[in-house]
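Structural overview for review
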Amino acid sequence: MSEAMTGTRSAPIVDLIVAALSGGLVHAGDAKENDPVKILGLPAFRAAGRPPEEAKLITTGTTMIAEAIVQLIEVDHEIVARNELALLRESHEPTGPVVAVHCRCDGTRTDPLAVLTISGPVALVDGKQLIGGLSRREAACPHAGVRKPNTGQDGS
Ligand SMILES: [Zn+2]
């Protein structure tokens, strides 16, 4: 596996593809068409039983092909483990504790910059409210309000 792919979340997918190419891809068939499950043997990717030098070349080539397949998919798609996806979906339900976010300059903790809802591994925020609220403050501490909220009316 190349250094670019090792240690990434894609590594398990690369390993899965390598195993499938080496051991045979399983095609689920089509129950409606009475087409049975098939194992598509791919001898070109099978290193077992080959001389060591040849086996090493096959393994390296198979891994590169698996990495290229993952890279191709990841151009426009995100590969996410099913259990991780379930957590992400759950995280869209704001259920956790609510946390105020203060700048270090707000020693009295009286003027939060934002309020986040912690939900599992993520913190959720109302983006419109956050961006609008922050855009009305001075960037420099102590972040006093510089503009009134945009009410859609001009003047005053
Ligand atoms: Zn500050």
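All of the points below concern the structure found in this document.

Conventions we followed
- Residues numbered from 1 in each chain as written.
- Predicted model: local features only at pLDDT ≥ 70, side-chain atom pairs only at ≥ 80, totals over all residues.
- Helix = DSSP H or I, 4+ residues; strand = E, 2+ residues; numbered from the N terminus.
- Contact = placed C-beta atoms within 7 Å.
- Pairing = 2+ DSSP bridges.
- Axes fitted to C-alpha atoms, helices over the stretch in contact; angles between N-to-C directions.
- Parallel < 35°, antiparallel > 145°, perpendicular 65-115°, else oblique.
- Left-handed = near helix turned anticlockwise from the far one by under 90°.
- Nonpolar A, V, L, I, M, F, W, Y, C, P; charged D, E, K, R; others polar.

A closer look at the environment of Ile79
Along the chain, the position of Ile79 falls in the loop between α2 (52-74) and α3 (82-91). C-alpha separation for the pair Ile79 and Ser10, spaced 69 residues apart in sequence, amounts to 7.4 Å. Non-local contacts of Ile79, meaning those with residues more than four positions away in its chain, are made with Ser10, Ile13, Val70, Ile73 and Glu74.

Focus: the sheet that holds strand β4 (residues 114-119)
Within the open sheet, the three strands sit side by side as β3-β4-β5. Their pairing is antiparallel. A single partner strand is all that each edge strand has here, and the edge strands are β3 (98-101) and β5 (122-124). Adjacent strand axes in the sheet meet at a mean angle of 40° when their direction is disregarded. By the bridge criterion, three bridges tie β4 to β5 in an arrangement that is antiparallel. Paired with Thr117 across the two strands is Leu124, which belongs to β5.

A word on the packing of helix α1 (residues 11-23) against α2
Axis separation between α1 and α2 bottoms out at 9 Å; the angle between their running directions is 125°. The orientation of α1 with respect to α2, classified from their angle, is oblique. Between α1 and α2 lies a crossing of right-handed hand. Residues Ile13, Val14, Ile17, Val18, Leu21 and Ser22 of α1 form the contact with α2, whose own contacting residues are Thr62, Thr63, Ile65, Ala66, Glu67, Ile69 and Val70. Residue classes in the contact of α1 with α2 are distributed as nine nonpolar, three polar and one charged.

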